[in-house]
Amino acid sequence: MGSEENDVKLRILQAAKKLFAQQGFNATTVRQICEEAGANVSLVSYYFGGKDKVFEALFKEYFPRDVLEGDQITRLDPVSGLKLLIREITAYRRREPEIISLLQQEIVLQSPRMNKIQELTMPIWILLRDWLKLGREQGVFHFRSLDHTFISVLGSILFHNKTYYFKQLLDNQEEDPDSILEDLTTFIFQAIGYKEQS
């Protein structure tokens, strides 16, 4: 594949990512994507095979697989594993806010595209649940319901940045990413009953 072809494909994906996040998948047309990308409308079919395939390609292109690569991740203890996931997902959320917004829209809408998203994300959520369960079994974490705790931790990590609805109630202080990560990690670990060993 030539570099010009790669460039056009990438422009189409970037345009789709922006428009899907702003308007939603259903409200975005192929024509709008191509206008945003400065590409001929026939190229979406030619390169991807339609709007649905553009959606799939977005998650393949922009979803981080490196978090799960290597067998050493499954050997992490629950505390280290949970800290790693919080850090990596928070960094990804900062790096790819449009993909996160699109992911959240699709979850809320329970769209027919959920299967494609689940194929990519489920291994991460299984790891999160397994670490919570193992941590409780080892007496490191203390909580009643694994299901409720899993959903609460997941919500804290994934939806943490959705503050625009509550903007009038917030101090509107810009915080640096490291402070946000530290506060989020502290909050989650307190919520699951973890006490730092001294």
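Residues numbered from 1 in each chain as written. Predicted model: local features only at pLDDT ≥ 70, side-chain atom pairs only at ≥ 80, totals over all residues. Heavy atoms only, no water.

An unreviewed UniProt entry annotates the chain as TetR family transcriptional regulator originating from Paenibacillus sabinae T27.

> I'd like to hear about the overall build of the chain, residue by residue, with values.
Helices and strands together make up the secondary structure of the chain, namely 9 helices and 0 strands. Going residue by residue from the N terminus, the α and β elements of the chain occur as α-α-α-α-α-α-α-α-α. Taking all 198 residues of the chain together, the buried fraction comes to 42%. Within the chain, counting contacts between residues at least 6 apart in sequence, those at least 24 apart form 72% of the total. As presented, the chain carries roughly 11,900 Å² of accessible surface, and 50% of it is formed by carbon and sulfur atoms. (Helix = DSSP H or I, 4+ residues; strand = E, 2+ residues; numbered from the N terminus. Buried < 20%, exposed > 50% of the residue type's maximum accessible area, 1.4 Å probe, protein only. Contact = heavy atoms within 4.5 Å. Areas by Shrake-Rupley, 256 points an atom, 1.4 Å probe, with all protein chains shown as cover.)

> If you had to explain the environment of Ser45 to someone new, which residues and values would you point to?
Relative to the assigned elements, Ser45 resides in helix H3 (residues 42–47). On a C-alpha basis, the gap between Ser45 and Val30 in space is 9.2 Å, while along the polypeptide they are 15 residues apart.

> Lay out unusual backbone geometry in plain terms, naming residues and giving numbers.
The backbone phi angle of Gln110 is positive, close to 50 degrees, even though this residue is not glycine. Secondary-structure assignment places Gln110 in the loop between helix H6 (97–109) and helix H7 (114–137). For Gln110, a relative accessible area of 67% puts it in the exposed group.

> Describe in detail the side chain of Thr121, supporting the description with residues and values.
Following the sequence through the fold, Thr121 ends up in helix H7. Those residues within four positions of Thr121 in sequence are excluded, and the remaining contacts are Phe63 and Leu103.

> Can you tell me about the confidence of the model for the chain, naming the residues and giving the values?
With 90% of its residues at a pLDDT of 70 or more, the chain shows a mean pLDDT of 87. Across the chain, the element-wise mean pLDDT spans from 86 in H6 up to 96 in helix H2 (residues 30–37). (pLDDT = per-residue confidence, 0-100.)

> Pulling in residues and values, what's your account of the packing of H6 against H7?
Two elements in contact, H6 and H7, have axes separated by 10 Å at closest approach and are oriented at 120 degrees. Considering the angle they form, H6 stands oblique to H7. Between H6 and H7 the crossing geometry is left-handed. Between H6 and H7, the residues in contact are Leu103, Glu106 and Ile107 and Met114, Ile117 and Thr121, respectively. (Axes fitted to C-alpha atoms, helices over the stretch in contact; angles between N-to-C directions. Parallel < 35°, antiparallel > 145°, perpendicular 65-115°, else oblique. Left-handed = near helix turned anticlockwise from the far one by under 90°.)

> Summarise the nonpolar core; cite the residues concerned and give the values.
With 58 residues, the main nonpolar core has Ile12, Phe59 and Leu82 as its most contacted residues. It is H7 that provides the largest number of residues to this core, a total of 9 residues. Counting contributing residues, this core receives three or more from each of domain 1 (1–58) and domain 2 (73–192). Once you skip the residues sitting within four places of it in the chain, Leu82 turns out to touch Leu128, Trp131, Leu132, Phe141, Val153, Ile188, Phe189 and Ile192. (Core = buried A, V, L, I, M, F, W, Y, C linked by side-chain atoms within 4.5 Å. Domains from an automatic or database assignment.)

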